[in-house]
Amino acid sequence: MKNKLLTQLGKLRHQINQHIKKISQTRYLQRSNTFNFLLSLTVAVIVASIGITTDWATTGTRTLTYKTSSISNTISSENLRVQNNTEIPTLPYKTSSINNTIVSENLRVQNNTGTPKLTYKTSWIGNTFGSGNLRVQNNIEAMYVAPDGTVYTNSHWDEAGMEAAIYKDGKVINAIGDTHGWSRGGGKAVTANSKYVYIAMNQGSRGKTNEDYPPDGTSWHCVRRYDLSGKPAPFPNGRGWDKSMLITSTKSEITGLATVERELYVSDFAANRIRVYDTDTMKELRSFTVANPGVITIDSQKNLWIIQSKNGGNPAKIVHYSQSGKQLPQEIADIVEPTAIAVDRQGKLLVAENGPRQQMLIYNIKDQPVQVGSFGSKGGIYAGVPGEVGDLKLYGLTGVGTDASGNIYINSDGFNKSGTDLRKFSPSGKLMWRSLGLIFVDNADADPKTDGVDLFTKQEHYLMNYSKPAGKQWTYKGYTLNAFKYPQDPRLHTSPDGTFVRRIQGKPFLFLTDMYSSFLQIYRFNPATDGQVAIPAGMFVGTNGDKKSIAGNWPPHQPEQGEWIWRDRNGNGKFENNEYDRSKDYPYLGGWWVDSKGDVWKALRTQDGTAIRHYPLQGIDPKGNPIYSYSSMEKQATPKIFNDLRRLEYFPQTDTMYLSGFTVDHPAFGDDTGVAGSEIARFDNWSQGNRTPKWRIVIPYDTTGKREVSTAAMSVAKDYVFAVTVKTAEVYVYNATTGVQVQQLKPGPEVGSESGWIDIPYGIRAFRRSNGEYLVFVEENWKGKVIVYRLAG
């Protein structure tokens, strides 16, 4: 009955549209405001009825009801008149785009009327908590554990402003506030006593010295005091807008903090001094010299143990000082990279060894320090099956501590700030809880062989169980970066953020690019030798004028100018002199694509008519690396409708190309770098030379220069084209055959109905499972996760 009613109402709406069209051509209608109002009201009532009936008729997953959407129009390519699809209300922006479908033939295209919406649910991966302000922060660079098991943390940056936080019992209790914005940031030291929390932080200038900000060109490296709930705790003669800051340096950041009784010890790295302050008045009491002072902890005799950072050829070590500043004879030098220290309830010194051992080392320090134990698997994440996640496998240690009950707390931050992995263990070593915040400026893609069960981000491998509730579907399976075996891995030296997973000749490969499309990194897998680890296999870079493509000393042997392709010919993961193929091309890139055959595509932003570069796969070499070369590269003609090409996706099975960018009809407002453009177009029979689009879609783009609405990225999967907007993070879904918009997705209640901006050119990636379900992955670095939309097929 409901379907029949829908059909009848759809026919009625179509008849009314035809009458409106005829009447609207009369002079009387153009003069009659009253008639216009009544007619509009009538149509609105009918349209509302249709919308309500559609919702009634939907079964299964609940469809979100929106107050706002876009206008969808259908336009022919021969200047035919636009027909509004009036049942869809306009987005509530001051400047919003009109979504059009333009056909390439001189055929009349009917409006998309009565198209059923796809039902969907929202989920996420990569963060233990999927919504709200209290979720696991991007990184933990410093940690202090109180006797009651409360964990206080600090870091330089968190996208949502939670640089410092408070954890307990596996939950985020509170943020340590006001560390973000107004030229403020966190730091890499934190401690607490029974009254206050003290964090290292940075305060930059704001041109407002009258409000007690630093002068222009100056930064304050401060200790900031908070109460135990995380609110700033001002003190007499405190600095900053709320008088809670203690300035210790204007030259370098604070590298260590500790308290004993009423004294606060601060490592002033630039001055090579330990400064001592009264914890209540925050007045300096004394100071003493320590070379390269870092993290501090206090032993049971109330003496200080200090990590002395390595300096040139002098390795790091842990030194011992009295409270008055006298150096004591004990020290620990048999350690590669100490990153954190703490003293347990038995008086033993715990040391985070971030060298190849990747363990917490335990020292008896009653006399000369002697190592008496260790905690965690030797070799950390690379023990056993390399990269496979395990309860006792640590990686990139940044924090250690114990509570009064002897429970052990360890944080792993990965390498090159891969993300937070905070764990609590019982005294016997049993994992009690784990809080994960693994995502920052990243997106996911699915292994096509495993039907979406295996997902990869730039450094992580997840296993999915879609029968579980939202946010509980993912299991952290593997960490794919080996910083010790492959120290030249591009992920240690760059900031990739867009992931493509491909099967080439049946073998898995990982392709990564960055926010500026400046490179394409290639990784292979060899489980027999490297387990879960992705092995550096190749890399494309773009031209950077007459300079090196990548500034600095990495990678070694790179050409002095021009662009290059690197292939790891001998399979050792190192960049060597005979492994580069060189060329020079237009410097401004629109984007990369890797098709299902393994061919690489590159879009240039040039207007010379051949903006597309095609690098056919030349095979896989004996070491397992895909082969590409400039000698086999093809320059392909760009369709004349585009004058600034931004994205491309080619599907060899159907010989279909999807392009996005700015067109002659809808040009860019200024340079507007980073966005996907103003149109998406589909081209059939691409390899046969066809450059006439089957359809063109005008996608959201703000022409005022305010960038309130613009499209960040697109992704095509089987029957649908998906596009996501920058600031509103809304996903527009178009029929891939017709170009007609069929749905608009917003973050659901499962993720707090919120998302940050889309910052990367591959901020959306779609995959169709064998059961017809679509998985749509969307970057959400604000709250440190990847949003996953699940659309019924």
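Shown above is the structure to which this text applies.
Please read these numbers as outputs of a predicted model, since none were measured by experiment. (Residues numbered from 1 in each chain as written. Predicted model: local features only at pLDDT ≥ 70, side-chain atom pairs only at ≥ 80, totals over all residues. Heavy atoms only, no water.)

Undergrad: What is the right way to look at the pattern of salt bridges in this model?
TA: It is possible for side chains of opposite charge to pair when their charged atoms get near one another. Using the criterion set out here, one finds 42 salt bridges in the structure. Two residues, K584 and D546, come together in a salt bridge whose shortest N-O distance is 2.9 Å. Remark: D546 occurs in the loop between strand 37 (534-541) and strand 38 (563-567) and K584 occurs in the loop between strand 39 (580-583) and strand 40 (589-594); sequence separation between them is 38 residues. Of the residues examined, K584 reaches a relative accessible area of 47% and is grouped as partly exposed. Between E773 and R769 there is a salt bridge whose closest N-O contact spans 3.1 Å. Side by side, E773 and R769 carry an identical accessibility label, which is buried. Among the charged side chains, a salt-bridge network with shared partners connects D178, R184, R224 and D242. (Salt bridge = Lys/Arg side-chain N within 4 Å of Asp/Glu carboxyl O. Helix = DSSP H or I, 4+ residues; strand = E, 2+ residues; numbered from the N terminus. Buried < 20%, exposed > 50% of the residue type's maximum accessible area, 1.4 Å probe, protein only.)

Undergrad: Would you mind going over the sheet that holds strand 26 (residues 397-402) with me for this structure?
TA: Pairing between the strands of a sheet comes from backbone hydrogen bonds, and it takes one of two forms, parallel or antiparallel. Read across the open sheet, the four strands follow the order 26-27-28-29; overall the sheet is antiparallel. A single partner strand is all that each edge strand has here, and the edge strands are strand 26 and strand 29 (431-437). With direction set aside, neighbouring strand axes in the sheet form an average angle of 10°. When strand 28 (residues 420-425) meets strand 29, the two strands line up antiparallel, connected through six bridges. Residue pairing for strand 29: D421 is matched across the bridge by L436. (Pairing = 2+ DSSP bridges. Axes fitted to C-alpha atoms, helices over the stretch in contact; angles between N-to-C directions.)

Undergrad: What is the right way to read the nonpolar core from this model?
TA: General note: in soluble globular proteins, nonpolar side chains tend to be found buried as a group. If you look at the biggest cluster of nonpolar residues, it comprises 53 residues, and the most contacted ones within it are I125, W474, F722, V731, V778, Y789 and L791. Those residues within four positions of V778 in sequence are excluded, and the remaining contacts are N443, V724, V731, I758, G763, I764, V786, I787 and Y789. Core analysis: the next-biggest nonpolar cluster, separate from the first, contains 35 residues, I504, L520, W593 and F642 among them. (Core = buried A, V, L, I, M, F, W, Y, C linked by side-chain atoms within 4.5 Å. Contact = heavy atoms within 4.5 Å.)

Undergrad: Can you walk me through the environment of S428 in this structure?
TA: Here S428 shows up in the loop between strand 28 and strand 29. Sequence separation between S428 and G406 is 22 residues, and the spatial gap between their C-alpha atoms is 9.1 Å. At 2.9 Å, the side chain of S428 forms a polar contact with the side chain of S426. (Polar contact = N/O pair within 3.5 Å; in protein donor to acceptor, adjacent residues only side chain to side chain.)

Undergrad: So what exactly am I meant to see when it comes to the environment of L350 here?
TA: Tracing the backbone shows L350 in strand 23 (residues 349-353). Take L350: its relative accessible area is 2%, and that puts it in the buried class. Considering only alpha carbons, one finds L350 and Q371, 21 residues apart in sequence, at a separation of 9.7 Å. Residues in contact with L350, not counting those within four places in the same chain, are A340, I341, A342, D344, M360, L361, I362, V400 and T402.

Undergrad: Mind showing me how you'd approach the sheet that holds strand 25 (residues 370-375) here?
TA: Ordered by their spatial adjacency, four strands build an open sheet running 22-23-24-25, and the pairing between neighbours is antiparallel. Two strands bound the open sheet, and with one partner strand each, they are strand 22 (338-343) and strand 25. Sheet twist, expressed as the average angle between the axes of neighbouring strands with direction ignored, equals 25°. Here five bridges tie strand 23 to strand 24 (residues 359-364), and the two strands are oriented antiparallel to one another. The residue bridging A352 from the neighbouring strand is M360, located in strand 24.

Undergrad: Before we go on, may I ask you to explain the packing of aromatic side chains in this structure?
TA: Geometry of an aromatic ring pair is reported as the spacing of the ring centres plus the angle between the planes. Across all of its chains, the model carries 32 aromatic pairs by this definition. Ring plane angle 85° and centroid distance 5.1 Å describe the contact between W564 and Y580, whose orientation is recorded as edge-to-face. Of the two residues, W564 sits in strand 38 while Y580 sits in strand 39, which places them 16 residues apart along the sequence. An identical accessibility class is assigned to W564 and Y580; each is buried. An aromatic cluster is built from F500, W593, F651, Y658, W695 and Y762, whose rings are joined through pairwise contacts. The ring of Y196 carries the charged tip of R225 above its face, separated from the ring centre by 4.0 Å. The aromatic ring of W686 is capped on one face by R691, whose charged end is 3.4 Å from the ring centroid. (Phe/Tyr/Trp six-rings, centres within 6.5 Å; stacked < 30°, edge-to-face > 60°. Lys NZ or Arg CZ within 6 Å of the ring centre and 35° of its normal.)

Undergrad: I'm lost on the pairing of strand 50 (residues 731-735) in this one. Help?
TA: Burial analysis of strand 50 places four of its five residues in the buried class, the great majority of the element. The pairing of strand 49 (residues 720-725) with strand 50 spans five bridges and is classified as antiparallel. The residue of strand 50 that forms the bridge with F722 is V733. Here strand 49 hands over to strand 50 after five residues, with A729 in that stretch at a positive phi of 55°. When strand 50 meets strand 51 (residues 741-745), the two strands line up antiparallel, connected through four bridges.

Undergrad: So what exactly am I meant to see when it comes to the environment of V541 here?
TA: Along the chain, the position of V541 falls in strand 37. Taking the C-alpha atoms as reference points, V541 and Q521, separated by 20 residues in sequence, lie 8.6 Å from one another. When near neighbours in sequence (up to four residues on either side) are disregarded, V541 contacts S518, F519, S549, I550, E563, W564 and Y630.

Undergrad: Explain the pairing of strand 53 (residues 774-780) here, please?
TA: Remember that side chains alternate between the two faces of the sheet whenever the strand is regular. The buried fraction of strand 53 is high, at seven of seven residues. Judged by which residues are buried, strand 53 turns out to be covered on both faces: Y774, V776, V778 and E780 on one side and L775, F777 and E779 on the other are all buried. Taken together, the five bridges between strand 52 (residues 764-768) and strand 53 define a ladder with antiparallel strand orientation. If you follow A766 over to strand 53, its bridge partner there is V776. By the bridge criterion, seven bridges tie strand 53 to strand 54 (residues 785-791) in an arrangement that is antiparallel.

Undergrad: Sorry if this is basic, but what is going on with unusual backbone geometry here?
TA: A cis geometry characterises the amide bond from W554 onward to P555, with omega recorded as -10°. Its location among the elements puts P555 in the loop between strand 37 and strand 38. At K243, a residue that is not glycine, the phi angle is positive and equals roughly 65°. Tracing the sequence through the fold places K243 in the loop between strand 12 (220-227) and strand 13 (245-249). Here K243 falls in the partly exposed class, since its relative accessible area comes to 38%.

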